[in-house]
Amino acid sequence: MKNLRLSKIPNPLRRRKQKTQIKVFLTLFLLITLHAAGLAQIDELVDQVNEAEQGTAQIGNSIFRIIKIAAGVLLAIAALAFLIIREQNQDMARKVGNAIVGLVIFYGLIEIGENLAN
């Protein structure tokens, strides 16, 4: 009968092991789930950075096109001014001619820059 009575006495070590196992399990579970959520956020951040890079490239291409159009219009205006001024004032015609050469060089550099950007 003594054996039966001793077996009914609660053992504090047995309960402590169960609590420790539960704590370890919960800690590992939380670590794994939070780690997975962190990886998902990193993937989302990478996607947003890629989209921003594509948007930046599109903005850069638009700026190149706008500058190229402006340079072409200025070149056409300068050419018309040169044709009008050519016979009236030689000094002014030389200055406008130099401006046209500068615009042609600028236009060429824009073309080169756009080709390198693509």
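In the nomenclature of an unreviewed UniProt entry, the protein is known as DUF4134 domain-containing protein of Pricia mediterranea.

### A short note on the overall build of the protein
Within the protein, the regular secondary structure consists of three helices and zero strands. Secondary structure elements of the protein occur, N-terminal to C-terminal, as α-α-α. Counting all 118 residues of the protein, 8% fall into the buried class. Here the analysis covers contacts within the protein between residues at least 6 apart in sequence; of these, 64% occur between residues at least 24 apart. As displayed, the protein offers around 10,400 Å² of accessible surface, 67% of which is attributable to carbon and sulfur atoms.

### With respect to the nonpolar core
Counting six residues, the largest nonpolar core consists of A78, I85, A93, V96, I100 and L103. Sorting the residues of this core by element identifies α2 (12–85) and α3 (90–117) as the ones contributing at least two each. Sorting elements by how many residues they give to this core places α3 first, with four residues. Residues in contact with L103, not counting those within four places in the same chain, are L74, L75 and A78.

### Some points on the UniProt feature "transmembrane region" (unreviewed entry) in the protein
What UniProt calls "transmembrane region" (unreviewed entry) maps, in this numbering, to residues 66–84 and 96–113. In the segment residues 66–84, helix accounts for 100% and strand for 0%; the C-alpha atoms at its two ends are 27 Å apart.

### Notes on the packing of aromatic side chains
Scanning the entire structure with this criterion turns up one aromatic pair. On the numbers, 6.5 Å between centres and 20° between planes, the contact of F25 with F29 is stacked. You can see F25 and its partner F29 sitting in helix α2, four residues apart, about one turn around the helix. Given a relative accessible area of 46%, F29 falls into the partly exposed group.

### Quick notes on the pattern of salt bridges
Scanning the model with the defined rule gives four salt bridges in all. One salt bridge in this structure joins E114 and K68, with 3.0 Å as the shortest N-O distance. Separated by 46 residues along the polypeptide, E114 in helix α3 and K68 in helix α2 bring together distant segments of the chain. The salt bridge involving D91 is made with K95; its shortest N-O contact spans 3.8 Å.

### Some points on the confidence of the model for the protein
Reading fine detail from the predicted coordinates is not recommended where pLDDT is low. Summing up the model confidence of the protein, the mean pLDDT is 78 and the portion of residues at 70 or higher is 81%. Ranking the helices and strands of the protein by mean pLDDT puts α3 first, with 85, and helix α1 (residues 2–7) last, with 54.

### Observations concerning α3
For α3, spanning 28 residues, the distance from its first C-alpha to its last is 40 Å, which sits close to the expected 40 Å at 1.5 Å a residue. Among the residues of α3, those classed as buried are A93, V96, G97, I100, L103, I110 and E114.

Conventions used here
Residues numbered from 1 in each chain as written. Predicted model: local features only at pLDDT ≥ 70, side-chain atom pairs only at ≥ 80, totals over all residues. Heavy atoms only, no water. Helix = DSSP H or I, 4+ residues; strand = E, 2+ residues; numbered from the N terminus. Buried < 20%, exposed > 50% of the residue type's maximum accessible area, 1.4 Å probe, protein only. Contact = heavy atoms within 4.5 Å. Areas by Shrake-Rupley, 256 points an atom, 1.4 Å probe, with all protein chains shown as cover. Core = buried A, V, L, I, M, F, W, Y, C linked by side-chain atoms within 4.5 Å. UniProt positions renumbered as here; feature names shortened; annotations may be inferred. Phe/Tyr/Trp six-rings, centres within 6.5 Å; stacked < 30°, edge-to-face > 60°. Salt bridge = Lys/Arg side-chain N within 4 Å of Asp/Glu carboxyl O. pLDDT = per-residue confidence, 0-100. Expected span 1.5 Å × (residues − 1).

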